[in-house]
Protein chains: 2
Amino acid sequence: MYTSLRLLLFSSLIYVSICQETFDPHTLPRPLILETHVKETPLLSSADDDVTLHCTSWRFAVESNNLSPWRTIPQECGDYVKDYMTKRGYEVDLERVADEAILYASSVELRGDGKDIWVFDVDETLLSNLPYYADHGYGLEVFDSEAFDKWVDNGIAQAIRSSLKLYEEVVKFGFKVFLLTGRSEMRRMVTVENLNRSGFHGWDDLILRGAEDQKKTATQFKSEKRHKMIEQGYRIHGNSGDQWSDLLGSAMAARSFKLPNPMYYIP
Amino acid sequence: MYTSLRLLLFSSLIYVSICQETFDPHTLPRPLILETHVKETPLLSSADDDVTLHCTSWRFAVESNNLSPWRTIPQECGDYVKDYMTKRGYEVDLERVADEAILYASSVELRGDGKDIWVFDVDETLLSNLPYYADHGYGLEVFDSEAFDKWVDNGIAQAIRSSLKLYEEVVKFGFKVFLLTGRSEMRRMVTVENLNRSGFHGWDDLILRGAEDQKKTATQFKSEKRHKMIEQGYRIHGNSGDQWSDLLGSAMAARSFKLPNPMYYIP
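Residues numbered from 1 in each chain as written. Chains lettered and ligands numbered in written order. Predicted model: local features only at pLDDT ≥ 70, side-chain atom pairs only at ≥ 80, totals over all residues. Heavy atoms only, no water.

Peer 1: What am I meant to see in the state of the cysteines here?
Peer 2: By definition, a disulfide links the sulfur atoms of two cysteines through a covalent bond. Residues and elements named next belong to chain A. Enumeration according to the criterion identifies two disulfides over all chains in this entry. For Cys55, the disulfide goes to Cys77, at an S-S distance of 2.1 Å. Classification of the bridge connecting Cys55 and Cys77 rests on its S-S torsion, roughly -90°, and on that basis the disulfide is left-handed. Taken together, the residues Cys55 in helix 2 (residues 48-63) and Cys77 in the loop between helix 2 and helix 3 (78-86) connect sequence positions 22 residues apart. Note on Cys77: relative accessible area 0%, which makes it buried. (Disulfide = S-S within 2.5 Å. Helix = DSSP H or I, 4+ residues; strand = E, 2+ residues; numbered from the N terminus. Buried < 20%, exposed > 50% of the residue type's maximum accessible area, 1.4 Å probe, protein only.)

Below, the structure written as structure tokens:
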């Protein structure tokens, strides 16, 4: 126990000193909820255009990773986020990310030694939980991990079509595919079944949160797992995720692809 | 020569192995122009709404760092980018980034040993070159470094107001301020004068590209300079820049703040 703690501290020190990676000390198992500095940006005026401008600006701040950890979307942006998610905006943005990733993947020269890999997150990256979030205000409600786990246990999340296209291309190009998800190891079976049913096959590894990872932030957990991949000689060419915590930290991929997600934030 | 090459290769290897940082081999002095994989995403239809959706999606892809290096903005998005830059969108987005950065800066506990720092880029971060880009299609024209340098030599770029506010707050909080810019060392004097005239005073260091940095990408140049700061015992709490190459790479800040810029791309 003492040794592992020392090891953990030591690894953290390495991260901090080499990559200036900072881990949030407020660690939670699947931490959508963080008590942090929350600032309510005031509306510009009550006009519809101003609400849209305000919410567009908020969404930009989310997608460019400028915000402090947040618990829910701004109340006044509920309709804006719902429109974005259910009309064409989300789909168009998803397709563009997939197209850019395919373009990059096609340009990578694989060495043929089985060490060239692509990492995918699962939720809101390969699988869409939109029906769950539609029932919970598209991010207006504070995340309820029990309710979400019940949804996950149904195993009925649909594939994000553009991500399935990217996934299939990446496999065809000859990359090994590693799935790296914040879902618990306890949900391995339902996750495998859900992925298979949605058309995802042939991955090389599915890495879930084990008991030892429960207190880590997603950034820390995923960075550690990527470090292990590199130690094993893998070259992480691409990484696709809807959260910056899927992509940043240390042992980052050569190219990271941020899928849109204005509904929730995982540190 | 051979030794420096070996040293360069060695440093690159360190980056690659530790932080999976990859440097583009196509290095140019101030490389806005890269010959890379350019994909024209097709328009959805000819309707105005579809052009807006298409261009909004493109801008998201820019700001979330999903695009391969690009030379010019998409032709069909000329009006969209001009509107964004000249109406309220750009200003609202800039203000939000500054507000988020101030919020974070106010939460940092400084140690009082003079080693807590904030890094700022200059162009499109502290100073706005909008009049120059207005004369060059807001990014529709391929970057012309000679014409741009002539503009810089006028020394008349205005402060970005929200960045000046952030700058002043950061200085007031007690951070040391390091300016890290891709401008050439040859333009130190005009840069200092322009910054002073625009209200920026009291920085601790202004780092420009020296002769030895001319062939490096901005990511490489800026990562190396941040590494030096850390070697000297500085703690980089915040980093503000309009380009991902200001922020990513290695020796990253604890928090990075990406200012909007849909006009040009620097790798």
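Peer 1: Explain the interface of chain A and chain B here, please?
Peer 2: For an interface, size is often stated in terms of accessible area lost upon the parts coming together. Contacts between the two partners involve 47 residues from chain A and, on the opposite side, 47 residues from chain B. There are two salt bridges connecting chain A and chain B. Its salt-bridge partner being Asp50 of chain B, residue Arg88 of chain A comes within 2.8 Å of it at the nearest N-O pair. The interface formed by chain A and chain B includes 16 residue pairs in polar contact (both at pLDDT 80 or more). Tallied by class, the residues present in the side of chain A that touches chain B amount to 20 nonpolar, 16 polar and eleven charged. (Contact = heavy atoms within 4.5 Å. Salt bridge = Lys/Arg side-chain N within 4 Å of Asp/Glu carboxyl O. Polar contact = N/O pair within 3.5 Å; in protein donor to acceptor, adjacent residues only side chain to side chain. Nonpolar A, V, L, I, M, F, W, Y, C, P; charged D, E, K, R; others polar.)

Peer 1: What should I look at first to understand the packing of helix 2 (residues 48-63) of chain B against helix 3 (residues 78-86) of chain B in this one?
Peer 2: Describing two packed helices takes the angle between their axes plus the distance from one axis to the other. Residue and element names in this part refer to chain B. Running from N to C, helix 2 and helix 3 point in directions that differ by 65°, and their axes come no closer than 9 Å. Considering how the two elements wind past one another, helix 2 and helix 3 form a crossing that is right-handed. On helix 3, the residues touching Thr52, Cys55, Thr56, Trp58 and Arg59 of helix 2 are Tyr80, Val81 and Tyr84. Its residues assigned to classes, the contact of helix 2 with helix 3 comprises five nonpolar, two polar and one charged. (Axes fitted to C-alpha atoms, helices over the stretch in contact; angles between N-to-C directions. Left-handed = near helix turned anticlockwise from the far one by under 90°.)

Peer 1: Would you take a moment to explain the sheet that holds strand 5 (residues 205-209) of chain B for this structure?
Peer 2: Hydrogen bonding along the main chain pairs the strands of a sheet, whether they run parallel or antiparallel. Residue and element names in this part refer to chain B. Spatially, 5-4-1-6-7 is the arrangement adopted by the five strands of the open sheet, whose pairing is parallel. For this open sheet the edge positions go to strand 5 and strand 7 (255-258), each flanked by a neighbour on one side alone. Between one strand axis and the next, the sheet turns by 20° as a mean value, whatever way the strands run. This element, helix 8 (residues 188-197), spans strand 4 (176-184) and strand 5 of the sheet and lies at about 135° to strand 5. (Pairing = 2+ DSSP bridges.)

On their own, these measurements won't tell you what the molecule is for.
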